[in-house]
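Observations on chain architecture
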Amino acid sequence: RQMCIRDSVYIELPPGDCTEGMCGKLNYSLYGTRDAAHNWEKEYTNTLTAMGFTVGLSTTCVFRHAARNIDIVVHGDDFIILGTGWDIQWVRNLLAAKYELKMRGVMGSLLNPGCTKEIVVLNRIVRWGGDGIEYEADPRHAEIIISELGSKGSKAVATPGVKCSNPDTAEPLNGREASQYRSLVARANYLAQDRMDIQYSVKELTRRMSCPDSEDWVALKLSLIHISEPTRQEAI
């Protein structure tokens, strides 16, 4: 679906079509530009509101259909729908009439035909259990951190986040090491929104991102040595 561009955006023309001193001006949104994301948000918002949904007040990515008791969260081109099987199918049919869709799956009681017990939503593992819904943080981030730290198979410590006992002996990390420290802490900080068990340790590590030293690197390894252990959070 082509959408007209809002602002003046110019691009380099591809070889064979370019002339020295000339460039192209977009008439329609190009994938990857800010206008493309804005126009897509405007497009699906208009579609959902026409279906009777109301846009959320705290965030425009949340929608609710009061009459049918349906909630939708949109992340890019991913639509997460909460409702009965009939209502989810109603939403799907209306969206499929306008867009090309791929249904990843429907979670629900295994007594309902076609329902699954586990699904990946925005790289998080969501499971339907007897006591409610659980989700597990994206395991890839933990795997990358463990791999870069070289601590696979190491035992967890009882007191992660303990402050350095010999700050006078610490030496500043070199450029490559400091960059790796910031990268790992930033990844852990993102993961911490789903891993409450590492939130305190990561908070302490972020304090040293501007100028990390050798003791900070030790603290990083001690704090994240157990990060590969999956932690499940109760969602509902």
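For the structure, see preceding data.
Note that the structure is predicted; figures quoted are calculated from it, not measured. (Residues numbered from 1 in each chain as written. Predicted model: local features only at pLDDT ≥ 70, side-chain atom pairs only at ≥ 80, totals over all residues. Heavy atoms only, no water.)

This next bit is on the overall build of the chain. Helix and strand counts for the chain come out as 6 helices and 10 strands. Sorting the 236 residues of the chain into buried and exposed places 29% on the buried side. The contacts in the chain between residues at least 6 apart in sequence include a share of 52% that link residues at least 24 apart. (Helix = DSSP H or I, 4+ residues; strand = E, 2+ residues; numbered from the N terminus. Buried < 20%, exposed > 50% of the residue type's maximum accessible area, 1.4 Å probe, protein only. Contact = heavy atoms within 4.5 Å.)

Attention shifts here to a nonpolar patch on the surface. A surface patch of nonpolar side chains, about 250 Å² in accessible area, is lined by Val62, Val73, Ile80 and Leu122. As for its position among the elements, Val73 is in strand E5 (residues 70-75). On the basis of relative accessibility, which here comes to 39%, the residue Val73 falls in the partly exposed class. (Patch = residues over 30% accessible without salt bridge, like charges linked within 9 Å, V, L, I, M, F, W, Y side chains within 5 Å. Areas by Shrake-Rupley, 256 points an atom, 1.4 Å probe, with all protein chains shown as cover. Salt bridge = Lys/Arg side-chain N within 4 Å of Asp/Glu carboxyl O.)

As a further point, take helix H3 (residues 139-149). Of the residues making up H3, those classed as buried are His141, Ala142, Ile145, Ile146 and Leu149. The arc that holds every buried residue of H3, seen down its axis, measures 130°, which confines them to one face. Set apart from the buried face of H3 by more than 90 degrees, the exposed residues are Glu143 and Ser147. In this structure, the buried side of H3 is in contact with helix H4 (175-191) and helix H6 (214-224). Once H3 finishes, Gly150 follows within two positions and takes phi at roughly 65°, a positive value. (Arc of directions from axis to C-beta.)

This part is about the pattern of salt bridges. Inspection of every chain in the model, using the stated rule, returns 12 salt bridges. Notably, a salt bridge pairs Asp71 with Arg64, separated by 2.9 Å at the nearest N-O pair. You can call Asp71 partly exposed: its relative accessible area is 25%. Here Asp194 makes a salt bridge to Arg124, at a shortest N to O gap of 2.6 Å. You can see Asp194 sitting in the loop between H4 and helix H5 (199-206) and its partner Arg124 sitting in strand E8 (residues 124-129), a full 70 residues away along the chain.

Here 4 strands make up an open sheet; going across it, the order is E3-E4-E5-E6 and the pairing antiparallel. Since the sheet does not close on itself, it has two edges, and those belong to strand E3 (54-55) and strand E6 (78-82), each with one partner. Relative to the sheet, helix H2 (residues 85-96) contacts strand E4 (62-65), E5 and E6, its axis offset from that of E5 by approximately 50°. (Pairing = 2+ DSSP bridges. Axes fitted to C-alpha atoms, helices over the stretch in contact; angles between N-to-C directions.)

What follows covers unusual backbone geometry. Despite not being glycine, Asn69 shows a phi value in the positive range, around 60°. Examined against the element boundaries, Asn69 turns out to sit in the loop between E4 and E5. Asn69 sits in the partly exposed class, given a relative accessible area of 49%. One non-glycine residue, Leu122, lies in the positive phi region at around 50°.

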